[in-house]
Amino acid sequence: MKRGKAPASRRAEIQHLYQTYASGQTILPACALLRFLHKEQNELTANEETAESLIDRYEIEEIARESRSMTFEGFLRYMESKDCCVFDQAHTSVYQYMDQPLTHYFISSSHNTYLTGDQIVGKSHLDAYVSALRKGCRCLEIDCWDGPDMEPVVYHGYTLTTKILFKDVITTVEQHAFEVSAYPVILSLENHCSREQQEVMAKYLASILGEKLLRTPLDHLTTGDLPSPNDLKYKILIKNKKLKPHIDTEGPSCTETEESVDEGEEDEDEDEEDEDHQTKAKFWSSKKSGLKIKVKALSDLVVYTKSVKFISFSLSKDNQNYNENTSMAEKKARKLAKASGAVFVQHNKRFLSRIYPAGSRTSSSNYNPQEFWNVGSHLVALNFQSLGLPMDLNDGRFQDNGGCGYILKPPVLMSSHESFDPSCSQHNLKPTHLLLKVFSGSNLPISRSGKALDSFVRVEVYGISSDSHRKHTHTVKNNSLSPNWDSDMNFSISVPELCLLRFCVREQTGLLSSEFVGQYTLPFTSLKKGYRWVPLRSRDGCSMDPASLFVFVWYS
């Protein structure tokens, strides 16, 4: 990666390192470079061959190359390359074990994927599905309603959001599902259609998705009851409710077997005190008029992701099947996480669970996904079109493992011997001590006023509540090109394997006010030790290259 010319302050910092290891010589021999890699960068597997390959890659002076040495300019090119990025470059490819059952993974998930704006008058657009898939999203939501001319439509019911055709959504998914990831896509259907239009939906799913659609259980599973991401490569799964095998049309259980909306998004939103009651009344009126799932063709397409309503952990433990999953609104999930965190973790070892934003979030705002990853929830669904901290965390979490949309949950969430409650301080775990030195910035943008920034860096740790902290540097005034903070920060972290680290550059606009400039979020487990540069991303997640930070990282 070719980067902009380093400002004077960073050159000085890197020159000091170079001179320390060159020991007064004008060039850095391969053996001295190797010492630097071992001692400062913690590249413990590096050998002389490694050092020489770096010389071949970054040194352009022929005399230095022939003597297996590096000039300062070559060393600077190395220090500004991806080899010295704070994000472990080995994690830009799939490296995790992908043969565990689906319940062992966090899965990148979108809420009301079709929307490009708010939940009331926002536009529905096929591009929203393309964008989510290209970000590595693996669980897409489709809200299905009866449309004219027997064509089911997708939109946010009982609102002024625009409508798109169901068949066009499925065609778009078929075209883009596996552009950035080979691992399975889950289509979460929230189904409000009549029997006739459900038959149309089933026909489109089968005809458009073809061989990509999983229609029957797999013959041979790698492990356990549920298949693994590897078992399901290049497959699309339907998440929906199913008809029960036998329906007693005379008995009182009839309305339970002819199940309506998939998610229980409407059902479970009854628990939300701030729900729109008028919309609710309209929905229940429609429900009673006969909008129920009766179509076997659609029901049969649900194989490993059958949605059932969550009642309690004890009922799930005794009655829920391995291929059944539950959905709940954030408020209910938050209450359960606080009151029964350890039980929630146990539940998520066995069954897939999906969390979705409260119905009151009409502006398409998002909750903090970390609180639900802490209890092991798999499908923590966010409004992908909404910018800000929650999506920064989601992007940071899922850039790991090659951006494939599946992240193996850490052992603390999957251990069969130990009970883990994220709401309690983990006194039994030896804490990890993280030292960060934030040296300087490079090529930051100018402020909206056209002047150089008055900037500071805030470092935020997101994990279990006792691990979540933030610290910041002092403010450097009137310097966008090369602000120098030279600040030390120390953090004590008890469950680092759940943590995300967020570097956020902010502009000081008043005594107690500041504005976002750029940020970068990554998992603690992808953090490289040593002298590293931190790329910055804009509010919409785009690279701000060559803007970056220069830091030193160590933990033990």
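The structure we're discussing is the one just above.
Residues numbered from 1 in each chain as written. Predicted model: local features only at pLDDT ≥ 70, side-chain atom pairs only at ≥ 80, totals over all residues. Heavy atoms only, no water.

Trainee: Run through the pairing of strand β16 (residues 455-462), naming residues and quoting values.
Mentor: Extensive coverage of β16 is indicated by the burial of 8 of its 8 residues. What you see with β16 is no split at all: S455, V457, V459 and V461 on one side and F456, R458, E460 and Y462 on the other are buried throughout. Bridge count between β16 and strand β19 (residues 500-508): 8 bridges; the pairing is antiparallel. The residue bridging F456 from the neighbouring strand is R506, located in β19. (Buried < 20%, exposed > 50% of the residue type's maximum accessible area, 1.4 Å probe, protein only. Helix = DSSP H or I, 4+ residues; strand = E, 2+ residues; numbered from the N terminus. Pairing = 2+ DSSP bridges.)

Trainee: Just give me the short version of helix α1 (residues 8-22), but keep the residues and values in it.
Mentor: Note: α-helices contain 3.6 residues per turn, so residues at a spacing of three or four share the same orientation. Taking 1.5 Å per residue, 15 residues should reach 21 Å; α1 reaches 20 Å between its end C-alpha atoms and fits that length. S9, R10, E13, I14, L17, Y18, Y21 and A22 are the residues of α1 that are buried. A positive phi of about 50° marks S23, the residue just after α1. (Expected span 1.5 Å × (residues − 1).)

Trainee: Could you give me a rundown of a nonpolar patch on the surface, with the residues and numbers involved?
Mentor: Nonpolar side chains collect at one region of the surface, where I120, V121 and L160 lie side by side and expose about 290 Å² of accessible area between them. Within the element layout of this structure, V121 appears in the loop between β4 (109-110) and α6 (126-134). (Patch = residues over 30% accessible without salt bridge, like charges linked within 9 Å, V, L, I, M, F, W, Y side chains within 5 Å. Areas by Shrake-Rupley, 256 points an atom, 1.4 Å probe, with all protein chains shown as cover. Salt bridge = Lys/Arg side-chain N within 4 Å of Asp/Glu carboxyl O.)

Trainee: Now, about the nonpolar core: what can you tell me, with residues and values included?
Mentor: The biggest cluster of nonpolar side chains holds 63 residues, and the ones touching the most others in it are I142, F166, L187 and L205. With residues up to four places along the chain from it excluded, the contact list for L205 reads F166, I170, L187, L189, G210, L213, I238, L298 and L301. In terms of nonpolar packing, the next biggest core, distinct from the first, is built from 61 residues, A32, L33, M70 and V438 among them. (Core = buried A, V, L, I, M, F, W, Y, C linked by side-chain atoms within 4.5 Å. Contact = heavy atoms within 4.5 Å.)

Trainee: Go over the packing of helix α2 (residues 30-39) against helix α5 (residues 72-79) with me, naming the residues and quoting the values.
Mentor: Put simply, α2 and α5 touch, their axes get as near as 13 Å, and they point 30° apart. Accordingly, the angle class assigned to the pair α2 and α5 is roughly parallel. Crossing angle aside, the handedness with which α2 passes α5 is right-handed. Here α2 contributes L33, F36 and L37 to the contact with α5, which in turn contributes F75, Y78 and M79. Partitioning the contact of α2 with α5 into residue classes produces 6 nonpolar, no polar and no charged. (Axes fitted to C-alpha atoms, helices over the stretch in contact; angles between N-to-C directions. Parallel < 35°, antiparallel > 145°, perpendicular 65-115°, else oblique. Left-handed = near helix turned anticlockwise from the far one by under 90°. Nonpolar A, V, L, I, M, F, W, Y, C, P; charged D, E, K, R; others polar.)

Trainee: Tell me about the pattern of salt bridges, residues and numbers included.
Mentor: Following the criterion strictly, the structure yields 22 salt bridges and no others. Here R10 ties to E80 by a salt bridge, and the two come within 2.9 Å at their closest N and O atoms. Here R10, found in helix α1, pairs with E80, found in the loop between α5 and β3 (105-107); they are 70 residues apart in sequence, far enough to count as distant. What emerges from the salt-bridge pattern is a single network uniting D392, R458, E460, R470 and R502.

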